[in-house]
Protein chains: 2
Amino acid sequence: MPKEITNKTNHPSKVPSSTNHQVIDRFKRLQQKEISIDHIFNDIVSKNTTALSKGITLIESTQQEHVEKAQQLIEKCLPYANKSIRIGITGVPGVGKSTFIEALGNLLLDKGKKVAVLAVDPSSTVSYGSILGDKTRMESLVRSPMAFIRPSPSGNSLGGVAQKTRESIILCEAAGYDIIIIETVGVGQSETAVHGMVDFFLLLKLAGAGDELQGIKRGIIEMADAIVINKADGDNEKRAREAKNQFRKALHLYPLSENKWSPDVLTCSALENKGINKVWDLIQDYLSITIENGFFEKNRMRQNKFWLLQTIEEQLKTSFYNHKNIKEALTSKIDDVIHHKITPFAAARYLLKLSEHKNEK
Amino acid sequence: MPKEITNKTNHPSKVPSSTNHQVIDRFKRLQQKEISIDHIFNDIVSKNTTALSKGITLIESTQQEHVEKAQQLIEKCLPYANKSIRIGITGVPGVGKSTFIEALGNLLLDKGKKVAVLAVDPSSTVSYGSILGDKTRMESLVRSPMAFIRPSPSGNSLGGVAQKTRESIILCEAAGYDIIIIETVGVGQSETAVHGMVDFFLLLKLAGAGDELQGIKRGIIEMADAIVINKADGDNEKRAREAKNQFRKALHLYPLSENKWSPDVLTCSALENKGINKVWDLIQDYLSITIENGFFEKNRMRQNKFWLLQTIEEQLKTSFYNHKNIKEALTSKIDDVIHHKITPFAAARYLLKLSEHKNEK
C-alpha cells in the first residue's frame, strides 16, 4: 500500500519514543485519515451523494495533502469508471443551456437514468459559475435524488479547471451515474477541452436575424455532433426552422468525419419541453453507430492519450516560463527579438540554456 | 569579439608550446576561418550571389561548427535585413505555382526589383523539392542576375525546415533583394509556418468542377490575403470567373480581420501571362493600407515573438520526448492510460518526475 508508507513516514523522527500516549494518538489519527479515503470510496461506490461531493471537493482542493489523497481516491474509483455516456453541451450565454439541460435531464430521469451535470467554466473564478449561479436554475434536477449537479471548479487556467472536471467524471461514474452532462460556456478554448472529454458534443444555438453563418466560430461547428436550435417556440418557430435549414446546408460542406456520423440539426423549445426527445433519439442513434463501428472506444482511448500529452506539454511550458531566470530574461529577449536585434532562434537558444542552469545547481 | 574567444579557446591545451611552426599554422588557419565569415558577410552585403549561396548552405548545415558560424553570419546580417517585402504563395500540386512565381518574378524584374525565391517543403527530404525539381521550371528567373532561387532546405521536421528558410530570408535581405517569395506546397502545417514569416499570403487555386467550397481547408482560406484562380485561359476562363464569384461570396462570411484588409479573389493565367499585373497591384494596395495603419510593422514584431516562443516550446517537447528514461516509459504509460489503468494526469506526473531524474545526476 503506497499510501500507508507515505503516511507512516510522514513525521517518524518527530515522535518522542518515550511518550506512548502521543504515539498512540498519532497512530489513531493516521488510521482515521486512511479510513476516511476508504470510507469515501466505499460510500461513493455505494452511490452516496454526500461522499461523491466530498470526493470532488478533494479533487478541487489545491492543498498538497488533498491532491495526493484525491489521486488515491481516483485510482480506487478507476476500475468502476468508464461506464457512462458523456455528453458535452455548449452555447453562448442566453441560449438557454440551463433550461435545456434541465429538460434533457428530466427526460433521462423519467427513463430511469441517473444523471450528473458538471461544468467547465474557467471564467467563474470564485464560485458557482453558470450552473446554480441562479438558484432557480435546474430546480427539479436539484431536487431529484437520481441527479447530481456540480458547478465548475474554480481556477485561473483552463488546463487546471478542465483536469478537475475530467477527474470528477471518474468519481461520478464510480457512483453509478449513467449519463454525465458537461456544460461549458461558448468561450473558445474551453469547448475544445470539453470536446476532448465527451462522447457526444452538442452545440446549442438560437435562430438569429438571418446571419446564422456570420457569427459562428468555424472550429466549433466542426466539433459538433449535433446543432440544436433552442427557443423554437411562439413567433420564433418559423425562424428556427429556417435557421435549421441554413445550418444543415452549411454542415453538408464538411466532409464526413472519421466516425461516419453526419452531424444533424434539430430545433427544440426547452422552455415548453418540445423536441427534447428527438435530441435524445439522435444521441442514441449516434451511440449505436459509433459503438458498432468501434469509434466510441477508439475515441475514448485517444482522448486519454491526448490528456496525457497535453498535461505533459502544459507542465513543461509552465515550469519553463515560471523559472526564475526566465521570468527575468524573457521580457528583454522578446523586446530584442521584436526589434530585430537578435533572431528569435538565437534568443530561444539563450533562454533554453538559461533555464538549464538552475537545474544543475 | 565572442567568436574570437570561442575559436582561440578551441584546442589551446593540445598545442605543444615548443613547435612554433605548428602554432603559426594553426593560427593562420584560425584566422582564415574567421576571415571566411567576414568575407562571406562582406560579399553578401556587396550583393555577391555565390556568397549568399554559401551563407545559406552554412545555415542549412547540421554540423555543430557550421551552426555556430551560421549564427555569427546571421547576426552580422541582421542590421541589414528587414527591408524587403515577403510574399508567401501556397497551393496544391498541379495548381501551377512555379509558372505563377516565374510570371510574377519576371514582372517584378521588369520593374527593376531584385527577387529571391525560397521554399518551405518538409516533404522534400533529400534535395530539390518542388522548386527546380524540374530543371525547365522558372528558367528565365534562373538566368536573370537580379533573381536568386533556392530550393527548400531538407529536414524531417517542419520546425527545422521552416527555421532554416526563416534565417535564409535575413541573408537574402542583407544581399539587397527587394521581394522575397516563399513557396510552399499545400500540406497543412507548412502553410501555417509560411504564413508566420511573410507579409502577404497568397493562395493559388484552380477552378474546380463546381464544388469549390467542398475541398478547401478552412484554416487556409482564413489565412489568405488573396486567392488567385490560376489557369483562367481557353475553355477554363468561364469556370474560373464562376469560381471567383463563389470564393468572393465565401470570403464575405468571414469578419474583417485586424489588418482592416478584406481579402480579394482574382483570376489569372500564368502560362499566358495574363492578370499577373493585377495581382501585383493588389499586393501593393495591401502594402499601402497595412503600412499606413501600422499593421505591417506590428505583424512582423508579432511574427518574431511567435518564432521565439514556438522555438522554445518545440525544443522543450523535443528534449522531453527524446529523454532516455521517457522513451522507455512513454509507450507503456500511454498503454496504461488508454486502457484506463491509470489517469492521464497521474501518468503525466510520473513521466515528468522521471524526466527530472536524469538532470539531477
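Refer to the preceding data block for the structure.
Residues numbered from 1 in each chain as written. Chains lettered and ligands numbered in written order. Predicted model: local features only at pLDDT ≥ 70, side-chain atom pairs only at ≥ 80, totals over all residues. Heavy atoms only, no water.

1. With respect to the interface of chain A and chain B
How we decide: Contacts are assigned to residue pairs with any non-hydrogen atoms lying within 4.5 Å of each other. Here the quantity called buried area is the total loss of accessible area, with a 1.4 Å probe, experienced by two parts when brought into contact, counted for both. We count a salt bridge whenever a side-chain nitrogen from Lys or Arg sits within 4 Å of a carboxyl oxygen from Asp or Glu. Polar contact is the term for a pair of N or O atoms within 3.5 Å; when the atoms are in protein, one must be able to donate a hydrogen and the other to accept it, and sequence-neighboring residues count only if both atoms are side-chain atoms. Strands here mean DSSP runs of E at least two residues long; helices mean DSSP runs of H or I at least four residues long; both are numbered from the N terminus. Amino acids are sorted into nonpolar (Ala, Val, Leu, Ile, Met, Phe, Trp, Tyr, Cys and Pro), charged (Asp, Glu, Lys and Arg) and polar (every other residue, Gly among them).
On the side of chain B, 50 residues touch chain A, which itself brings 50 residues to the contact. Across the chain A to chain B interface the summed buried area is about 4,700 Å²; carbon plus sulfur atoms make up 69%. Where chain A packs against chain B, one counts two salt bridges. Of the charged contacts, one joins Lys-317 of chain B and Glu-313 of chain A as a salt bridge, the two residues approaching to 3.7 Å between their closest N and O atoms. Our count for the chain A to chain B interface comes out at 10 residue pairs in polar contact (both at pLDDT 80 or more). Of all the secondary structure elements, the ones that give two or more residues to the side of chain A that touches chain B are helix H4 (64-77), helix H7 (158-174), helix H9 (218-223), helix H12 (295-322), helix H13 (324-338) and helix H14 (344-360) of chain A. Here the element with the most residues in the side of chain A that touches chain B is H12 of chain A; it accounts for 15 residues. Among the residues making up the side of chain A that touches chain B, the classes are represented as 27 nonpolar, 12 polar and 11 charged.

2. Things to note about the relation of the copies chain A and chain B
Between the two copies of this chain, the relationship is a rotation about some axis together with a displacement along it. The test is simple: A least-squares superposition brings the copies together, and it is based on the C-alpha atoms of residues with pLDDT no lower than 70 in both.
Overlay of chain A on chain B (RMSD 0.0 Å): rotation 180°, translation along the axis 0.0 Å. Look at the turn and shift together and you get a two-fold axis relating the two. Comparing interface residues between copies, 100% of those in chain A also lie at the interface in chain B; the contact surface is shared.

3. Overview of the environment of Phe-200 of chain B
Residue and element names in this part refer to chain B. Position of Phe-200 among the secondary structure elements: in strand S5 (residues 200-206). For the pair Phe-200 and Asp-225, spaced 25 residues apart in the sequence, the C-alpha separation amounts to 6.2 Å. Filtering out sequence-adjacent residues up to four positions away, Phe-200 remains in contact with Arg-86, Ile-87, Gly-88, Asp-225, Ala-226, Ile-283 and Tyr-286.

4. Topic: the pattern of salt bridges
Residue and element names in this part refer to chain A. Cut-off, in case you're wondering: Accessibility here uses a 1.4 Å probe with only protein chains present; expressed as a share of the type maximum, an area under 20% marks a residue as buried, one over 50% as exposed, and anything in between as partly exposed.
Counting across every chain of the model gives 22 salt bridges over all chains. Here Glu-60 makes a salt bridge to Arg-150, at a shortest N to O gap of 3.1 Å. Of the two residues, Glu-60 is situated in helix H3 (residues 49-60) and Arg-150 in the loop between strand S3 (147-149) and H7; the sequence distance between them amounts to 90 residues. Under the relative-accessibility criterion, Glu-60 is labelled partly exposed at 23%. The class of Arg-150 is buried, set by a relative accessible area of 13%. One salt bridge connects Asp-264 with Arg-248, and the closest N-O pair in it is separated by 2.9 Å. Here Asp-264 is found in strand S7 (residues 264-267), whereas its partner Arg-248 is found in helix H10 (residues 236-252), with 16 residues between them in sequence. Overall, the relative accessible area of 29% leaves Arg-248 in the partly exposed class.

5. Re the environment of Lys-324 of chain A
Residues and elements named next belong to chain A. Here Lys-324 shows up in helix H13. What makes Lys-324 exposed here is its relative accessible area of 53%. Once the C-alpha coordinates of Lys-324 and Leu-354 are considered, the two residues, 30 residues apart in sequence, prove to be 9.8 Å apart. Within polar-contact distance, the side chain of Lys-324 engages the side chain of Glu-328 at 3.2 Å.

6. A short note on the sheet that holds strand S6 (residues 226-230) of chain B
Residue and element names in this part refer to chain B. Counted only if it meets this: A pair of strands is considered paired only if DSSP assigns at least 2 bridges between the two. Only C-alpha atoms enter the line fits that serve as axes; for helices the fit covers just the stretch in contact. Angles between N-to-C directions range over 0 to 180 degrees.
Judged by pairing direction, the sheet is parallel, and its seven strands sit side by side in the order S3-S2-S4-S1-S5-S6-S7 without closing on themselves. A single partner strand is all that each edge strand has here, and the edge strands are strand S3 (147-149) and strand S7 (264-267). Between one strand axis and the next, the sheet turns by 20° as a mean value, whatever way the strands run. Pairing of S5 with S6, which is carried by five bridges, proceeds in the parallel orientation. Residue pairing across strands places Leu-203 opposite Ile-227, the latter belonging to S6.

7. Topic: the packing of aromatic side chains
Residue and element names in this part refer to chain A. Definition in use: To pair, rings of Phe, Tyr and Trp, with the six-membered ring standing in for Trp, must have centres within 6.5 Å; the planes then decide the type, stacked if under 30 degrees apart, edge-to-face if over 60, and tilted in the middle. By definition here, charges over rings are those cases where NZ of Lys or CZ of Arg is within 6 Å of the ring centre and within 35 degrees of the ring normal.
Applying the stated criterion across every chain, the model contains 14 aromatic pairs over all chains. Three or more aromatic residues joined by ring pairs form one cluster here, namely Phe-200, Trp-261 and Tyr-286. Just above the ring of Tyr-177 sits the side chain of Lys-114; from NZ or CZ to the centre is 4.2 Å.

8. A few points about the pairing of S5 of chain B
Residue and element names in this part refer to chain B. With five of seven residues buried, S5 lies mostly within the body of the structure. As defined by bridge partners, strand S1 (residues 85-91) adjoins S5 across four bridges and the pair is classed as parallel. Note on S5: the bridge partner recorded for Gly-88 is Phe-201.

9. Details of the side chain of Lys-114 of chain A
All names here are of chain A. Put simply, the test is: By the counting rule applied here, Lys and Arg register as positive and Asp and Glu as negative, while His and the ends of each chain are not counted.
Assignment of secondary structure puts Lys-114 in the loop between helix H5 (97-110) and strand S2 (115-120). As a buried residue without a salt bridge, Lys-114 has its nearest oppositely charged side chain in Asp-178, at a separation of 7.1 Å. Polar contacts involving the side chain of Lys-114 include one to the main-chain carbonyl oxygen of Ala-175, which spans 3.2 Å. When near neighbours in sequence (up to four residues on either side) are disregarded, Lys-114 contacts Lys-47, Met-146, Ala-175, Gly-176, Tyr-177, Asp-178 and Ile-179.

10. Focus on the sheet that holds S7 of chain A
Residues and elements named next belong to chain A. Strand order across the open sheet formed by seven strands is S3-S2-S4-S1-S5-S6-S7, with parallel pairing between neighbours. Edge strands, defined here as strands with exactly one partner in the open sheet, are S3 and S7. With direction set aside, neighbouring strand axes in the sheet form an average angle of 20°. Contacts from H10 reach strand S5 (200-206), strand S6 (226-230) and S7 within the one sheet, and its direction differs from that of S7 by about 175°.

11. Description of unusual backbone geometry
All names here are of chain B. Residue Asn-82 is not a glycine yet carries a positive backbone phi of 70°. A positive phi angle is found at Lys-260, which is not glycine, with a value near 65°. Positionally, Lys-260 belongs in the loop between helix H10 (236-252) and S7.

12. Let's talk about the environment of Met-223 of chain A
Residues and elements named next belong to chain A. Mapping Met-223 onto the fold places it in helix H9. For Met-223, a relative accessible area of 15% puts it in the buried group. When the C-alpha atoms of Met-223 and Ser-257 are compared, they prove to be 9.9 Å apart, with 34 residues separating the residues in sequence. Apart from the residues lying within four places of it in its own chain, the contact partners of Met-223 are Glu-191, Thr-192, His-195 and Phe-201.

Remember, this is a structural readout, not a statement about activity or role.
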